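Structure assessment
The primary structure of each chain is shown beneath.
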Amino acid sequence: MENEHSMRRVTAIRNGTVVDHIPSGQALRVLEMLGIGGKSSVPVSLVMNVPSKKMGAKDIIKVEDRELTQTELDRLALVAPDAHVAIIRAYSVAEKLTINLGTEVLNVVRCTFSNCITTNLREPLPHRLKVISRDPLHIRCHYCGRPQDLDELIKNVL
Amino acid sequence: MAGLITMDDLTNEQIINILDDATRLLPVAKGKLFLPLLQGRILGNLFFEPSTRTRMSFETAMKRLGGEVVNLGDIKNSSVVKGETLFDTIQMVDGYTDIIAMRHPRQGAAQYAQDSARVPIMNGGDGAGHHPTQTMLDLFTIRQAHGTLEGLKVVLAGDLRYGRTVHSLSHALTRFGCELIFASPELLKMPTEIVSDLRENGANVIETEDLLGSINDADVVYMTRIQKERFADEDEYSRCAGAYRLHADNLADVKSEMIIMHPLPRVDEIHASVDSTRHACYFNQAFNGVVARMALICYLLGVTVPIDVESEGGAL
């Protein structure tokens, strides 16, 4: 019922991707991390701060006519590690995907420390952040070891 | 091949084994014996920022064991000023050498170099990050003086915020159950993330601004230099730095076996009157940089240091 009620705020999509159970207020960040901005050509619906039994409040995003890949979704692990993802085909859920926050976040964001070796963008090795703990989320740069502040980190999406 | 980027790359047992090797290599480090364990091996010295002791002691360590050294030389005359990436520089030196010692102004540079290289990298300081080879010689010096690393009371004083030596050393001492007293001006306190890391690892840490009130029951007092440029004005610098100086007169009530250490160079923080006391250990500490690095290079290159160095070594 809860889901049905929330979903009524936007119409069902025929084909595309629904990202549900995004922590309340994080939907814009999710779009940013997916590289979906104002210039995106596909229709995008966004619902923020809707009631959720599980989370209290949550955000939902529906991206039409685009099936997000697992690699794209794993980028969301930093901001919405428990989001539910459904690939929709002909109005039905064709696939359910989960987001995986592994032990390392590779080439998604770059370290926020201004004196880290990775601030030289010509250096060719990948940007690597280590996940020290998931709850609370504790992330450090693989190279310089500095703990990362999530709010700052999101500004460094690659 | 793995190098030494942070002290986390070594277990306590490995640290002790390397310190044991270093102890046996002392006559070689002093030039009383010649033991060419590293003959045919080449060390690449890559110092992207100034260094006196670290660079020279790596070079001496290699040469005392019969090895060779190639230097990056003055950074102004190298391809780095032409915009070469660290990755490319490492690719080149990796091909020329068997092991690399590196200092770089950027934090994380040593790990980055290790990920780019096949030969072991020894981190000789990366920004305000780590300086584990300094930690090895510090541990060697402490064990030499006290016979153990376990359960000592160690005061670290001065600039604890920017001083990478004290960061690496605090982590290592915590692993050996030492009690740590951080004595510094508020502005130069040990970074909070380091203090919380240490406490999470079970460290007993006390933070204070009172150096002289902390030294009387200490086993080790580790001084560091407070730099003028860290302060907004000269008056504040003089007021703060003045409270973190040791004079022989301050040592009347300290433990007889207490040692005073300093990574050097010192400016005013240890008065020359301390040099002639039994507590002064900083010049011996600087010498120990050679022997600790000799043992470390052998360990990283998989070269066994003989149990009986005296009978294996030849006269010079």
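Note that the structure is a prediction, hence the values are computed from the model and not measured. (Residues numbered from 1 in each chain as written. Chains lettered and ligands numbered in written order. Predicted model: local features only at pLDDT ≥ 70, side-chain atom pairs only at ≥ 80, totals over all residues.)

So, the overall build of chain B
How we decide: Where helices and strands are cited, they refer to DSSP runs of H or I of at least four residues and of E of at least two residues respectively, numbered from the N terminus. Radius of gyration here uses only the C-alpha atoms, and the compact-globule reference equals 2.2 Å multiplied by the residue count raised to the power 0.38. With C-beta atoms placed from the backbone, a contact is any residue pair whose C-beta atoms sit within 7 Å.
Looking only at helices and strands, chain B has eleven helices and nine strands in total. By the compact-globule yardstick of 20 Å for 316 residues, chain B fits well, its C-alpha radius of gyration being 20 Å. Principal-axis analysis of the C-alpha atoms gives chain B an extent of 50 × 50 × 40 Å. Put simply, of all contacts in chain B between residues at least 6 apart along the chain, 75% involve residues at least 24 apart.

Comments concerning the packing of helix H1 (residues 12-24) of chain B against helix H10 (residues 282-300) of chain B
Residues and elements named next belong to chain B. Note the following rule: Working convention: axes come from line fits to C-alpha atoms, limited for helices to the stretch in contact. Angles between N-to-C directions cover 0 to 180 degrees. For this classification, under 35 degrees means roughly parallel, over 145 means roughly antiparallel, 65 to 115 means roughly perpendicular, and everything else is oblique. For any helix crossing, the convention is left-handed if the near helix is rotated counterclockwise from the far helix by under a right angle, and right-handed if that rotation is clockwise. Residues were grouped as follows: Ala, Val, Leu, Ile, Met, Phe, Trp, Tyr, Cys and Pro as nonpolar; Asp, Glu, Lys and Arg as charged; and all remaining residues, including Gly, as polar.
It is the contact of H1 with H10, at a shortest axis distance of 8 Å, that shows an interaxial angle of 120 degrees. With respect to their mutual orientation, H1 and H10 come out oblique. In this structure, the crossing between H1 and H10 has a hand that is right-handed. Each of Ile18, Asp21 and Ala22 in H1 lies in contact with H10, whose residues at this interface are Val291, Ala292, Met294, Ala295, Leu296, Cys298 and Tyr299. In terms of residue class, the contact of H1 with H10 is built from nine nonpolar, no polar and one charged.

So, helix H2 (residues 27-34) of chain A
Residue and element names in this part refer to chain A. Cut-off, in case you're wondering: For the exposure call, what matters is how many other C-beta atoms sit within 10 Å of a residue's own: 20 or more marks it buried, 12 or fewer exposed, and in between partly exposed, using C-beta atoms placed from the backbone. Here the arc refers to the set of directions running from the helix axis out to each C-beta atom.
When H2 is considered as a whole, its buried residues turn out to be Ala27, Arg29, Val30, Met33 and Leu34. All buried residues of H2 fall inside an arc of 155 degrees around its axis, so they share one side. Close packing links the buried residues of H2 with strand S1 (16-23), strand S2 (44-52), strand S3 (56-64) and helix H3 (70-74).

A word on the domain arrangement of chain A
All names here are of chain A. What counts here: The split into domains, and so the bounds of each, comes from an automatic or database assignment of domains.
The assigned domain composition of chain A is domain 1 (2-98) and domain 2 (104-156). Computed over C-alpha atoms only, the centres of domain 1 and domain 2 are separated by 25 Å. Partitioning the side of domain 1 that touches domain 2 into residue classes produces four nonpolar, no polar and two charged.

Structural notes on the environment of Thr11 of chain B
Assignment of secondary structure puts Thr11 of chain B in the segment before H1. Residues Thr11 of chain B and Ala203 of chain B, spaced 192 residues apart in sequence, show a C-alpha to C-alpha distance of 17 Å.

Let's talk about the interface of chain B and chain A
In this complex, chain B contributes 14 residues to the contact, which on the side of chain A involves 16 residues. Elements supplying a minimum of two residues to the side of chain B that touches chain A: helix H4 (86-96) and helix H5 (109-116) of chain B. Ranked by residues supplied to the side of chain B that touches chain A, first place goes to H5 of chain B with five residues. Partitioned by chemical class, the residues of the side of chain B that touches chain A number four nonpolar, seven polar and three charged.

Concerning unusual backbone geometry
A negative phi holds for most residues other than glycine; trans holds for most peptide bonds. Residue and element names in this part refer to chain A. In this chain, Asp135 is followed by Pro136 through a cis amide linkage whose omega measures 5 degrees. Here Pro136 shows up in the loop between strand S7 (128-133) and strand S8 (138-141). In this structure, Tyr91 takes a positive phi of about 70 degrees despite not being glycine. As for its position among the elements, Tyr91 is in the loop between strand S4 (84-89) and strand S5 (92-98).

What about the nonpolar core?
A general trend in soluble globular proteins is that nonpolar side chains are found buried together. The condition is simple: Put simply, a nonpolar core is buried Ala, Val, Leu, Ile, Met, Phe, Trp, Tyr and Cys residues tied into one set by C-beta atoms within 7 Å.
With 127 residues, the main nonpolar core has Val155, Tyr222, Ile260, Met294 and Ala295 of chain B as its most contacted residues. In this structure, Tyr222 of chain B is in contact with Val154, Val155, Leu156, Ala157, Val166, Leu169 and Met261 of chain B, ignoring residues within four places of it in sequence.

Observations concerning the domain arrangement of chain B
Residues and elements named next belong to chain B. Under the domain assignment used here, chain B contains domain 1 (7-131 + 288-312) and domain 2 (133-285). A straight line from the C-alpha centre of domain 1 to that of domain 2 covers 25 Å. Contacts between the two partners involve 20 residues from domain 1, matched on the other side by 21 residues from domain 2. Of all the elements in the fold, those that place two or more residues in the side of domain 1 that touches domain 2 are H1, strand S4 (121-126) and H10. With six residues, the top contributor of residues to the side of domain 1 that touches domain 2 is H10. Of the residues in the side of domain 1 that touches domain 2, the class split is ten nonpolar, eight polar and two charged.

A closer look at the pairing of strand S5 (residues 153-157) of chain B
All names here are of chain B. Convention followed: With the strands aimed away from the viewer, a crossover counts as right-handed if its path from the first strand over the helix to the second runs clockwise. Strand pairing is assigned whenever DSSP detects at least two bridges linking the two strands.
Among the five residues of S5, four are classified as buried, and the element is accordingly described as predominantly covered. In this fold, S5 hands off to helix H7 (residues 164-175), which returns the chain to strand S6 (residues 179-183); that crossover is right-handed. With four bridges connecting them, S5 and strand S8 (residues 220-223) associate as parallel partners. Each residue of the ladder has a partner; that of Ala157, found in S8, is Met223.

Digging into the environment of Asp217 of chain B
Residues and elements named next belong to chain B. For Asp217, the position within the fold is in the loop between strand S7 (204-208) and S8. Between the alpha carbons of Asp217 and Lys153 there is a distance of 7.6 Å; along the sequence they are 64 residues apart. Excluding residues that lie within four positions of it along the chain, Asp217 makes contacts with Lys153 and Lys255.

Digging into the sheet that holds S6 of chain B
Strands in a sheet are paired, the pairing made by backbone hydrogen bonds, and the direction either parallel or antiparallel. All names here are of chain B. One open sheet accounts for five strands, arranged S7-S6-S5-S8-S9; its pairing is parallel. The open sheet has two free edges, formed respectively by S7 and strand S9 (259-261), since each of these has just one partner strand. Averaged over neighbouring strand pairs, the angle between their axes works out to 20 degrees when direction is ignored. Relative to S7, S6 runs parallel, the two being bridged by five bridges. When the sheet's bridge partners are listed, Glu179 is paired in S7 with Asn204.

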